[in-house]
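Single-letter residue listing:
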Amino acid sequence: MAKKERDFATYPLSKNVIRQGEFLGYPIRNWIEGLVFGGIAVFVIQHIPFTTLASIVFTLLWGGAATVFGIRGIKNRSVTEMLIDQLKYLKNKRKAHLRGPEYVRNKKEFKEYNIKYSTVAEQLLAGAREKLLEFAYKHSELDSSEFDTEDDRSE
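Residues numbered from 1 in each chain as written. Predicted model: local features only at pLDDT ≥ 70, side-chain atom pairs only at ≥ 80, totals over all residues. Heavy atoms only, no water.

Draft legend 1. View of the side chain of Ser55. Tracing the chain through its elements places Ser55 in helix 2 (residues 52–72). Setting aside anything within four residues of it in sequence, one finds Ser55 in contact with Ile45, Gln46 and Phe50. (Helix = DSSP H or I, 4+ residues; strand = E, 2+ residues; numbered from the N terminus. Contact = heavy atoms within 4.5 Å.)

Structure below.
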């Protein structure tokens, strides 16, 4: 019996099937970062006076780990991109709160609102604190501006 040769049809792959700018599934930027990180690790390890065996082991271990870390990145993002985003966040960091801007404008109204709707224990504690501060103002030689008030603590 003669073997039948099958003629398989071949189809060209379109450009959208093959991702551009990637090598083995990772962006070229990550590969460059991985090689740079691995090179830095190898350079540092080779300049530490280890024995030959220890130098080889540490080079393979830390150089490989640094290379893989650079290639993989952090949460599918390159390490330098993550560092730049973190620095931008630290530069533009702000305090977010649940109350709107009207809280600052109408502070007294909201202070009364908080007292009105706070628990009984909180109301008793606030009253006791006020009486203690009044007593301290009357019987102290210090100026009243030197005492810690609620307004100072809340800001």
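Draft legend 2. Representation of the packing of helix 1 (residues 28–46) against helix 2. Closest axis-to-axis distance for the helix 1/helix 2 pair is 7 Å, and the angle between their directions is 155°. Relative to helix 2, the element helix 1 lies roughly antiparallel. When the axes of helix 1 and helix 2 are compared, the crossing they make is right-handed. Mapping the contact onto sequence places Asn30, Trp31, Glu33, Gly34, Phe37, Gly38, Ala41, Val42, Ile45 and Gln46 in helix 1 and Ser55, Phe58, Thr59, Trp62, Gly63, Ala66, Thr67, Gly70, Ile71 and Arg72 in helix 2. Residues belonging to the contact of helix 1 with helix 2 are distributed by class as follows: nine nonpolar, nine polar and two charged. (Axes fitted to C-alpha atoms, helices over the stretch in contact; angles between N-to-C directions. Parallel < 35°, antiparallel > 145°, perpendicular 65-115°, else oblique. Left-handed = near helix turned anticlockwise from the far one by under 90°. Nonpolar A, V, L, I, M, F, W, Y, C, P; charged D, E, K, R; others polar.)

Draft legend 3. Local environment of the pattern of salt bridges. If you walk through the whole model with that rule in mind, you get two salt bridges. The closest approach of N and O atoms between Glu33 and Arg29, which form a salt bridge, is 3.6 Å. You can see Glu33 and its partner Arg29 sitting in helix 1, four residues apart, about one turn around the helix. The class for Glu33 is buried, based on a relative accessible area of 8%. Measuring nitrogen to oxygen at the nearest pair gives 1.9 Å for the salt bridge that ties Asp85 to Arg77. On the basis of relative accessibility, which here comes to 30%, the residue Asp85 falls in the partly exposed class. The partly exposed category is assigned to Arg77, whose relative accessible area is 28%. (Salt bridge = Lys/Arg side-chain N within 4 Å of Asp/Glu carboxyl O. Buried < 20%, exposed > 50% of the residue type's maximum accessible area, 1.4 Å probe, protein only.)

Draft legend 4. Seen up close, unusual backbone geometry. At Leu24, a position not held by glycine, the phi torsion is positive, near 55°. In this fold, Leu24 is placed in the loop between strand 1 (22–23) and strand 2 (26–27).

Draft legend 5. Quick peek at the packing of aromatic side chains. Applying the stated rule across the entire model yields two aromatic pairs. Measuring from centroid to centroid gives 5.2 Å for Phe23 and Trp31, while their planes differ by 70°, and the two rings are edge-to-face. Of the residues examined, Phe23 reaches a relative accessible area of 45% and is grouped as partly exposed. For Trp31, a relative accessible area of 21% gives the class partly exposed. (Phe/Tyr/Trp six-rings, centres within 6.5 Å; stacked < 30°, edge-to-face > 60°.)

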